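# Residue-level structural notes
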Amino acid sequence: MSIGYFGPQHFDTRQAMIDYMLPLLEHRVLAIDVETISLTDRRPIGLSIAPSATEAFYITVYPELDQDFPIHILQNPQIRKVFHNSLFDLGALQDCERSNFDDTMIMANLLCLPAKLSDLSLMLDTGNEVHEMKEYLKKGMTTLDLTVNQVGTKCCQDSTATFAIWEQLKDRVDQEYYNVELALVPILLEMSKRGLRIDHEKRLEFLAKYEQDIEYYRDVCTDAGMMNPNSPLQVGHILAKRGNLLPIYRRKNKRSGKWEHKIKTSKEYLGELTDPLAVAIVAYKHATKMKSTYLDPLEGLDRAFTRFHTDAATGRISSTDRNLQNVAEDLRGMFVPDGKVFTAWDASQIELRCLAYLSNDSEMIKIFETGGDIHQETANFLGIDRKIAKNTIFSIIYGAGDKRAAFTAKIQSTQRIRELKEAWFGRFSGAAKWIAQQIEQASEDGYVYTLYGRKLMMPVNERDPSDVVRKAVDYPCQGSAAEIIKRIMIKCQWLPMVLQVHDELIADGDVEDEVRELKLEDVAPFKVPFNIKIMSRWE
């Protein structure tokens, strides 16, 4: 079928179905779902359009669009188009206009409901049947291996469920906040489309260096009796023999269904060890990851692209396929502008400014309002180096334990880090009081709020209840900073932005004057100074 119907009606001829379809597709609200070849090959093979929660039409797009489908409905700004994950669907539908749409996944995230369509439909009791694509696809398969009827039915189930969900959620969501999230979608899609140009001469230079690093650190591990530094069992065993103990956790084996004991060997835990072998293992893993994730896959490509998402727990923008936000700083130089330069502007100490505002700490506010540096002020009154002061402050915000905080701050004694924290709390008593209240509220209620009033649910971690303590302050500060950055991006949407990395935005070309004219420091309810930098390549 090049056009199919999913619903209660029956048609004797194709023309009868089309005659029934055309007026329905002129409705002012249509739910749309897109099926692509795969998650990596995002060429659309078909789309379904639901004018209600009970019926939908499936249109085959690949290898060519059916001529009877009125393509103009996708381009009509008068028709409200409803998606569940508009960043995915609009990214696949290049011809669809992007000014009048809704997104039930964004609604769900803002209302602290399940983001997955099947879970959300079940929770809201829509009565619509929804299936995951993985139920149809075996390993190595794509949607091209399925029948048109299979893909069409699944696609129509998704669009009718999306319509049903939209009817329930559209009046529950905070419209002002929701509009900010929607406005961000076309901006992120355009940034994804631009990508970054690759300097392959510089890439090969970095590749040679990283290959040398990998060989060196592998030899260090081999000399210590470790044949495979990627094996948690070997890492844990060898380090234990050298007097280092790593945490053990229980995990259920997906194949056998049995519980197994595993050793935690991530950077977070290895980084707390002072053993030179642990340092070598971390360096080896970093080098192999950068090589396999960026240096090797970019060979032969003119540009590097990424896909942005807004569904992180704190609302922060994330990046995948390829995660350019996570490129090591020493590798960034292989990305160059199409013009002569990049312009980068980053919000100065934005999460700490959020903490000052949320806690109404008079001392912090005074420092910021007089143009001071909170890290240097902390260093001065504690009598320590600025870098140690900075790490101490962030260990407070991110809820790091004394041992972890001491390691990050390069302090040997956990007693000393406790003394520094207590002194900091004594100076900034407003922040200290607010932090204590946040931890208590988050533990009791299971959620916190951001600066703009977004509700953020605390993670449920039965194995580690202290996880709430760590996130109770981090979430509202990070979430509030993300909200400000999003509003700044909307104000900068006419600039040729190519990347966003937490509190920094990067545009292709010299747009320093344009950035200054926008007066971005006034976007938040408090002053946020911006540092602007011109670069010949990404730094």
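What this report covers is the structure whose coordinates are included nearby. Source: prediction; values computed, not measured.

## A look at the overall build of the chain
Helix and strand content of the chain: 20 helices and 19 strands. A compact globule built from 539 residues should have a C-alpha radius of gyration of about 24 Å, and the chain, at 26 Å, falls within 12% of that. With respect to the three principal axes, the spread of C-alpha positions in the chain is 85 × 55 × 55 Å. Sequence separation of at least 24 residues holds for 65% of the intrachain contacts in the chain that already meet a minimum separation of 6. Accessible area for the chain stands at about 26300 Å²; split by element, carbon and sulfur atoms hold 49% of it. Side-chain charges in the chain split into 67 positive and 78 negative, and the spacing between the mean points of these groups amounts to 6 Å.

## Notes on helix H9 (residues 232-241)
Residue pairs three or four apart in sequence face the same way in an α-helix, which turns once every 3.6 residues. Along H9, the residues that are buried comprise Val235, Gly236, Ile238 and Leu239. Of the surrounding elements, those touching the buried residues of H9 are strand S9 (259-263), helix H10 (267-270) and helix H11 (276-295). With its phi angle positive at about 90 degrees, glycine 243 sits one or two positions after the end of H9.

## Re the nonpolar core
If you look at the biggest cluster of nonpolar residues, it comprises 118 residues, and the most contacted ones within it are Ile49, Phe335, Trp345, Met489, Leu499 and Trp538. With residues near it in sequence (within four places) discarded, methionine 489 still touches Leu184, Ile187, Leu188, Met191, Ile317, Met497, Gln500 and Leu505. If you look at the next biggest cluster of nonpolar residues, it comprises 17 residues, including Ala356, Ile367, Trp424 and Trp434.

## Quick notes on helix H14 (residues 374-382)
Among the residues of H14, Ile374, His375, Thr378, Ala379 and Leu382 are the ones counted as buried. Each buried residue of H14 sits inside an arc of 140 degrees when the element is viewed along its axis, so together they form one side. In this structure, the buried side of H14 is in contact with helix H12 (350-359), helix H13 (362-369), helix H15 (386-397) and helix H17 (414-427). Just downstream of H14, glycine 383 is the residue with a positive phi angle, here 70 degrees.

## Observations concerning the side chain of threonine 450
Within the secondary structure, threonine 450 sits in the loop between strand S15 (447-449) and strand S16 (455-457). Among the polar contacts made by the side chain of threonine 450, one reaches the side chain of glutamate 483 at a distance of 2.6 Å.

## Here's the deal with the pairing of S9
Bridge count for strand S8 (residues 248-252) against S9 is five bridges, and the pairing is antiparallel. Bridge pairing in S9 places arginine 251 opposite glutamate 260.

## Focus on the sheet that holds strand S19 (residues 530-535)
Sheet architecture is open: four strands sit in the order S17-S18-S14-S19, paired in antiparallel fashion. Looking at which strands have only one partner, the edges of the open sheet turn out to be strand S17 (497-501) and S19. Neighbour to neighbour, the strand axes of the sheet diverge by 15 degrees on average, direction disregarded. By the bridge criterion, four bridges tie S17 to strand S18 (residues 504-508) in an arrangement that is antiparallel. Paired with valine 501 across the strands is glutamate 504, a residue of S18. Against the sheet, helix H19 (residues 467-491) engages strand S14 (342-347), S17, S18 and S19, with an angle of about 170 degrees to S17.

## So, a positive patch on the surface
On the surface, a cluster of positive charge is made up of Lys116, Lys134, Arg251 and Lys254. Considering the arrangement of structural elements, one finds lysine 254 in the loop between S8 and S9. The class of lysine 254 is exposed, set by a relative accessible area of 86%.

## Let's talk about the sheet that holds strand S1 (residues 3-6)
If you trace the six strands from one edge of the open sheet to the other, you get S1-S4-S3-S2-S5-S6, paired in mixed fashion. Looking at strand neighbours, the two that pair on one side only are S1 and strand S6 (101-103), the edges of this open sheet. Taking the axes of each pair of neighbouring strands and ignoring which way they run, one obtains an average angle of 25 degrees across the sheet. Taken together, the four bridges between strand S3 (residues 44-50) and strand S4 (residues 56-60) define a ladder with antiparallel strand orientation. Bridge assignment links serine 48 to a residue of S4, and that residue is tyrosine 58. Helix H1 (residues 14-24) contacts S1, strand S2 (29-36) and S4 of the sheet and is inclined by roughly 70 degrees relative to S1.

## Here's the deal with empty space enclosed by the protein
Enumeration over the complete set of coordinates arrives at one cavity of 30 Å³ or more. Lining the largest cavity are Tyr177, Glu181, Thr314, Gly315, Thr450, Arg454, Gly479, Ala482, Glu483 and Lys486. Elements with a minimum of two residues in the lining of the largest cavity: helix H7 (175-194) and H19. Taken together, the residues of the lining of the largest cavity sort by class into two nonpolar, four polar and four charged.

## Regarding the pattern of salt bridges
Per the stated rule, a full pass over the model turns up 26 salt bridges. For arginine 516, the salt bridge goes to glutamate 512, with nearest N and O atoms at 2.9 Å. Of this pair, arginine 516 and glutamate 512 both sit in helix H20 (residues 512-517), four residues apart, roughly one helical turn. Since its relative accessible area comes to 47%, arginine 516 is described here as partly exposed.

## As for the pairing of S17
In terms of residue burial, S17 counts as a mostly covered element, since five of its five residues are buried. As consecutive antiparallel partners, S17 and S18 are separated by two residues, and within that stretch histidine 502 has a phi angle of approximately 60 degrees, a positive value.

## Focus: the environment of valine 130
Tracing the backbone shows valine 130 in the loop between helix H5 (117-123) and helix H6 (148-169). Under the relative-accessibility criterion, valine 130 is labelled buried at 17%. Leave out the neighbours within four places in its chain, and valine 130 touches Leu117, Ser118, Ser121, Gln157, Asp158 and Ala161.

## A few points about the environment of isoleucine 238
Along the chain, isoleucine 238 turns up in helix H9. Relative accessible area serves as the criterion here: at 10%, isoleucine 238 is assigned to the buried category. Residues isoleucine 238 and glycine 225, spaced 13 residues apart in sequence, show a C-alpha to C-alpha distance of 7.4 Å. Sequence-distant contacts of isoleucine 238, that is, excluding residues within four places in its chain, are made with Ala224, Gly225, Met226 and Leu277.

## Some details on the side chain of asparagine 244
As for its placement among the helices and strands, asparagine 244 is situated in the loop between H9 and S8. The class for asparagine 244 is buried, based on a relative accessible area of 11%. One polar contact links asparagine 244 to aspartate 275, side chain to side chain, over a distance of 2.8 Å.

Parameters at a glance
All chains use their own residue numbering, which begins from 1 and follows the written sequence. For this predicted model, a pLDDT threshold of at least 70 governs which residues receive local features, and a threshold of 80 or more governs which side-chain atom pairs are given and counted, while totals over whole chains, interfaces and linings are taken from all residues. Hydrogens and water are ignored here; the side-chain numbers use all heavy atoms of the structure. Put simply, DSSP H or I for four residues or longer makes a helix, DSSP E for two residues or longer makes a strand, and each gets a number counted from the N terminus. Here the globule rule reads 2.2 Å times residues to the power 0.38, and the radius of gyration is calculated from C-alpha atoms. The contact definition used throughout considers only heavy atoms, calling two residues in contact when any of these lie within 4.5 Å. Residue exposure ignores everything except the shown protein chains as possible cover, and the areas themselves are Shrake-Rupley values with a 1.4 Å probe. In summary, the charge assignment counts Lys and Arg as positive and Asp and Glu as negative, without counting His or the chain termini. Note that the charge is assigned to NZ on lysines, CZ on arginines, CG on aspartates and CD on glutamates. The cut-offs for exposure are 20% and 50% of the maximum accessible area for each residue type, with area from a 1.4 Å probe on protein chains only; residues under the lower value are buried, those over the upper are exposed, and the others partly exposed. By convention a nonpolar core is built from buried Ala, Val, Leu, Ile, Met, Phe, Trp, Tyr and Cys residues, the set being connected through side-chain atoms within 4.5 Å. An arc is given here, and it is the one of the directions from the helix axis to the C-beta atoms. Identification of polar contacts relies on pairs of N or O atoms within 3.5 Å, with a donor-acceptor requirement for protein atoms, meaning one able to donate a hydrogen and the other able to accept it, and with residues adjacent in sequence counted only if both atoms are side-chain atoms. Between any two strands, at least two bridges found by DSSP are needed for them to pair. Orientation is described by lines fitted to C-alpha atoms, with helices fitted over the stretch in contact, and by angles between N-to-C directions that extend from 0 to 180 degrees. Residues forming no salt bridge and having over 30% relative accessible area are the ones grouped into patches, like charges within 9 Å of each other and nonpolar side chains (Val, Leu, Ile, Met, Phe, Trp, Tyr) within 5 Å. Each reported salt bridge corresponds to a side-chain nitrogen of Lys or Arg within 4 Å of a carboxyl oxygen of Asp or Glu. Cavity means a closed set of points on a 1 Å grid over the protein atoms alone, one where a 1.4 Å probe fits but cannot get out, pocket means an open set with protein on both sides within 12 Å along at least 5 of 7 lines, and lining means a residue has an atom within 4 Å of a point. Grid points are joined across faces, edges and corners, and a volume is the space filled by probe spheres set on the points. Residue type decides the class: Asp, Glu, Lys and Arg count as charged, Ala, Val, Leu, Ile, Met, Phe, Trp, Tyr, Cys and Pro as nonpolar, and the leftover types, Gly among them, as polar.

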